Amino acid sequence: MRGWDKVRASASGARFGRNSTMNERTPSSRTVRLGRVTPQAPTHRTIYCNDREANQLVRFRGNSISTTKYNFFTFLPKGLFEQFRRVANLYFLTISILSATKISPVSPITNVVPLSLVLLVSLVKEAFEDWKRFQNDMAINNYLIDVLQDQKWEPIPWKKLQVGDIVRVKQDGFFPADVLFLASTNPDGVCYIETANLDGETNLKIRKALERTWDYLTPEKASEFKGEVQCEQPNNSLYTFTGNLIIQKQTLALSPNQILLRGCSLRNTEYIVGAVIFTGHETKVMMNTMNVPSKRSTLERKLDKLILMLFGALFTMCLIGAIGSGVFIDRKYYYLALSKSVDDQFNPDNRFLVALLTMFTLITLYSTIIPISLYVSIEMIKFIQCTQFINKDLHMYHSETNTPALARTSNLNEELGQVEYIFSDKTGTLTRNLMEFFKCSIGGEVYGTGITEIEKGIAQQNGLKVSEHNSANSVHEKGFNFDDARLMRGGWRNEPNPDICKEFFRCLAICHTVLPEGDENPEKITYQAASPDESALVTAAKNFGFFFYRRTPTMIYVRESHVEKMGKIQDMSYEILNVLEFNSTRKRQSVICRYPDGRLVLYCKGADSVIFERLADVNADLKKVTREHLEQFGSAGLRTLCLAYRDLHPDMYESWNEKFIHAKSSLRDREKKLDEVAELIEKDLILIGCTAIEDKLQEGVPACIETLSRAGIKIWVLTGDKMETAINIAYACNLINNDMKQFIISSETDAIREVEERGDQVEIARFIKEEVKIQLKNCLEKAQHYLQTLSGPKLTLVIDGKCLMYALDPSLRVMLLNLSLNCTSVVCCRVSPLQKAQVTSLVKKGAQKITLSIGDGANDVSMIQAAHIGIGISGMEGMQAVMASDFAIAQFRFLTDLLLVHGRWSYLRLCKVVTYFFYKNLTFTLTQFWFTFQTGFSGQRFYDDWFQSLYNVIFTALPVIIVGLFDKDVSASLSKKYPQLYREGIRDVFFKWRVVAIWAFFSIYQSLIFFNFVTTSSKNGKNPSGKMFGLWDVSTMAFTCVVVTVNLRLLMMCNSITRWHYISVGGSILAWFVFIFIYSGIMTPMDRQENIYFTIYVLMSTFYFYLTILLVPIVALFGDFIYQGVQRWFFPYDYQIVQELHKHEADDTGGLDLVDTGNQLTPAEARRYAISQLPQERSKHTGFAFDSPGYESFFAAQLGVFAPHKAWDVARRASMKSRPKIPLKK
């Protein structure tokens, strides 16, 4: 099957490899196959319709589907394998195994318990997610479908369906598998399907059965159907299908038109009958299920380096201990009883072996330096951040489409806080993808008087004021926004060229694949179109008096205004002979129709570049004027299409049609042959005019782009539009302004045109590459010159697809990258989907910057997957972008909240979580390390096994999760009011190695305080019975100090403190005391000898315990206290300055000085929102060190009186406990 794998990978879908003349195949003789499996050709499959026995021999796959990761038997092995792929978990497994050997100073329980808890939490999460998938699969597999059995329809579950079965699907039902369409209740064997589950498009598509199978509609008739289908093997190409139906020795060609794919639903049709071709995981939709590429955040990769650094520290500590033990061990210490029969680990005769064994001993002893619960804590924090904060943020909820934000992965939350480059699509992302017919040019005359948003923007750039007057003739409905009395209400008859106007309107009304729905009434009818542009053009024809109201597979019916008499209408029927479909390479669509009077006409509409190439050599003036109009429309930001027609001679048409039918039934390269045949007739066209459609900017885009620019984010627009349109859209949304210096690299120069006219492809390529190189070099030199001047302008680069193709060449790539990185914004126009991905990868890999791609269509998928973060806009172009993305939002403007609020907070929180984990584990392990120096490096443990086990998973686990969820430096509204705060994330200020080094320094300082203060002070201490404190008394005391201190240190690093912080920190300290009271109060035979039985009761009966628990944390935290004060006073972070500026303001949840999002909330939502705004417990900013001497303003603030701040107030805490009384704004 290897050969087939190669075939399947080809983009065009599978083609037949064995025999090109499959049309000549005769049905296989059924009598030969007695009990033998007929080998299937690797390039195609043979299906016997309505014959289960014949198909069973081939063993096709069943129709049951499973999207789960695990099953009952694989859950444990596969789940554990997934967990042990993590270095930290594998490390702890090794430590657990080591701790079971006799060289270990700790019991295995020390390491097994935390590892088991971590694995349990992770596996429960995996099981829960998989259980949800399993339930979903079960529901789908048990849907019922009518299958033909014994000449009647029997309902059976989807999962029992087999290849070759005859099925009946009713209206609004879903197709259970990929089905060959045989018959329909509609006349002419057509049915209407909706493909929303496949590509997100809600417009209806027509499918037409072969005329030969129309009769097989009733169960009696369908049971007579015994056809043989020979078709391609299963593949993932949604829009192609190649096969033949052999029925009664007649071979009929099958196309995608006869295939109904699983996941689509039947509309406007009572029921259809079909034969199952592909089932289960072999259906096209299941073969398209995209595994979003696994992405890891930059912080996570840096965290791996930190863990490796901790491994280094662990190895160093163990090496010091091992060398120390080898040196220390000596028989002169007679009290150690190191006789000849002593264990190898303590035998002075073999010091190297002593050192080696001690090394392993110490590895198990110091294993806590690696934070075992770090990964699982981070996972929980990220998961909750996504499900509770991002998905439920009202500021990112779009009420018009009822679409909330959706985090499709929780791996990249903090990455959202570090984005430096955004790559955006234009149509549907910056614009609304709601097309409106706005202007047109007919026979060299421009019609339409409106002013576009872009034109208004350009006028404002030039300081002009634009006033818009809507006349009584203007009509505005969905898809049509046109104002010109010369064409409206039949006024076109009085124009100098009424015949050309008539051809223009007929072209709009006939040349399309739109489906009308509803009453045949201009007010009530709705149009289902493949694209919003199509719908807008048909709506325009309706408003000009050419109302398309009905379609059958061969006819189009148009209600036309009478050409001579005003007010009279006539119903015209046009026979549709051929449709030459639109695709991205043809860039045009043609329809050949026959008028009632027998006239044969080809109508064609498409991009200006392809239509102008195919025009007849007549009326050069019209071409020139229309080209000027196209440029004029383009510079106003309008999308243009050219319309043309051609009268056909019947004989010429007949000979062409034979070629067309032959191409349509060919099995090899069908698409290519159809394109070649189309070229034969789409020539010598006569230009009618062009249309201009406006695609308005989305709400809030200019303000959003301006805010993101202030945050230090550079925005690139990658679009397939013309250069003029792209530049004007960039102006309209504040991406480019007149103060910027523009570098334009275009292939539309006279020199390049001249070379292109000669037609030598090699010469063209060489010349354009050379031109691009020269232009890039010049631009780069100018850019560097501007950057060297003090107040040089901001730079922007505009490049088109043809030049970009050569600029991405390895020899020029570095130059392009250097130039791009010096520009504030970049616009790439006329680019292909592949080029979008290449540009994204260039910056991602070449500049090592964090990138974000945002788009809404299938053409943006490669760009979305190429970037660090992919964002899909759930818009008009279906769901393929969303399905491939990491986050989905409804509007471009929601990026402000996603990045500046959630992204920044997530980054800040996770940096604190990681550095705190590092600090608390290092502090705890170092106390054990200092103790090793007092024990002759023997590996004697300082703490009880259970203390060591539960330190990470109970006594210090919850507070850090609370910080990861609720810590907030400034409110959401201030985050957006001061977008510059975001730059700290771009510079990675909070997770630099310098920050890690400072935490490490305080870990060493605190661990020395804990160990030395407690051990030194306890030397002379005695318990109530007069005995000296033993090892377990001292270690319990030290452990109590560690737990109290690290939990209090957490409060010092918080920017805002909520009741959850108090509950978690207080609860963790309390949990330690509850545990030690129970643990030291119980004695069992299972206990080891050096038990800490009754230790805490003895300790707490002394004054020493209370003095130590009070003084040691104060001394330990004093260094941090001083450092935080100095840092805040003399070297404040940006957010600390903002805290000081707004420290007397109530901590709002977001609505101050925001861009008005224009979301209309329902009364219930408004009420909930109002309740959430009522006074409640305020967070208290406490990122401070000590109160400054600003006494006057301090006491004034306490009394609610405003007093001017003194310079020294900067070091005071960000917010007071009792807030000043601020009068409510009405």
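Residues numbered from 1 in each chain as written. Predicted model: local features only at pLDDT ≥ 70, side-chain atom pairs only at ≥ 80, totals over all residues. Heavy atoms only, no water.

Undergrad: Looking at this structure, I do not really get the overall build of the chain. What am I missing?
TA: For the chain, the helix and strand inventory stands at 40 helices and 35 strands. Residue burial in the chain is summarised as follows: out of 1226 residues, 56% are buried. The contacts of the chain with a sequence gap of at least 6 include a subset with a gap of at least 24, amounting to 74%. For the chain, the accessible area works out to roughly 54500 Å², and carbon and sulfur atoms hold 58% of it. (Helix = DSSP H or I, 4+ residues; strand = E, 2+ residues; numbered from the N terminus. Buried < 20%, exposed > 50% of the residue type's maximum accessible area, 1.4 Å probe, protein only. Contact = heavy atoms within 4.5 Å. Areas by Shrake-Rupley, 256 points an atom, 1.4 Å probe, with all protein chains shown as cover.)

Undergrad: Explain the sheet that holds strand β1 (residues 44-48) here, please?
TA: Strand order in the open sheet formed by four strands is β1-β8-β9-β10, and the pairing between neighbours is antiparallel. Each of the sheet's edge strands pairs with one partner strand only, and the pair in question is β1 and β10 (250-254). Adjacent strand axes in the sheet meet at a mean angle of 20 degrees when their direction is disregarded. (Pairing = 2+ DSSP bridges. Axes fitted to C-alpha atoms, helices over the stretch in contact; angles between N-to-C directions.)

Undergrad: Is there a simple way to think about the packing of aromatic side chains in this case?
TA: Within a pair of aromatic rings, the relevant descriptors are the distance that separates the centres and the angle that separates the planes. Counted by the stated rule, this structure contains 63 aromatic pairs. Measuring from ring centre to ring centre gives 6.4 Å for Phe241 and Phe278, while their planes differ by 65 degrees; the resulting arrangement is edge-to-face. Taken together, the residues span a long stretch of sequence, with Phe241 in the loop between β8 (228-232) and β9 (243-247) and Phe278 in strand β13 (residues 271-278) at a distance of 37 residues. Take Phe241 and Phe278: they sit in the same class, and that class is buried. Measuring from centroid to centroid gives 5.9 Å for Tyr1133 and Tyr1135, while their planes differ by 15 degrees, and the two rings are stacked. Given the relative accessible area of 7%, Tyr1135 is considered buried. An aromatic cluster of at least three residues, connected via ring pairs, comprises Phe924, Phe931, Phe942, Tyr943, Phe947, Tyr951, Phe955, Phe1011, Phe1039, Trp1072, Phe1075 and Tyr1079. Looking at Lys302, its charged tip hangs above the ring of Phe991, at a distance of 5.3 Å from the centre. (Phe/Tyr/Trp six-rings, centres within 6.5 Å; stacked < 30°, edge-to-face > 60°. Lys NZ or Arg CZ within 6 Å of the ring centre and 35° of its normal.)

Undergrad: Honestly, the packing of helix α28 (residues 895-932) against helix α30 (residues 957-966) in this entry has me stumped. Any pointers?
TA: Describing two packed helices takes the angle between their axes plus the distance from one axis to the other. At a closest axis distance of 8 Å, the pairing of α28 and α30 adopts a crossing angle of 160 degrees. Between α28 and α30, the angle is such that the two are roughly antiparallel. The chirality of how α28 crosses α30 is right-handed. Along its contact with α28, which presents Arg909, Lys912, Val913, Tyr916 and Phe917, the element α30 presents Val960, Val963, Gly964, Leu965 and Phe966. Across the contact of α28 with α30, the residue classes tally to seven nonpolar, one polar and two charged. (Parallel < 35°, antiparallel > 145°, perpendicular 65-115°, else oblique. Left-handed = near helix turned anticlockwise from the far one by under 90°. Nonpolar A, V, L, I, M, F, W, Y, C, P; charged D, E, K, R; others polar.)

Undergrad: Explanation requested: unusual backbone geometry in the structure shown.
TA: Backbone phi values are negative for most residues with the exception of glycine, while trans is the configuration of most peptide bonds. One non-glycine residue, Asp172, adopts positive backbone phi at about 70 degrees. Mapped onto the elements of the fold, Asp172 is located in the loop between β4 (166-170) and β5 (178-184). On the basis of relative accessible area, Asp172 is assigned to the partly exposed category, the value being 46%. Phi at Asn402 is positive, roughly 55 degrees, even though this residue is not glycine. For Asn402, the position within the fold is in the loop between α11 (374-390) and β14 (406-407).

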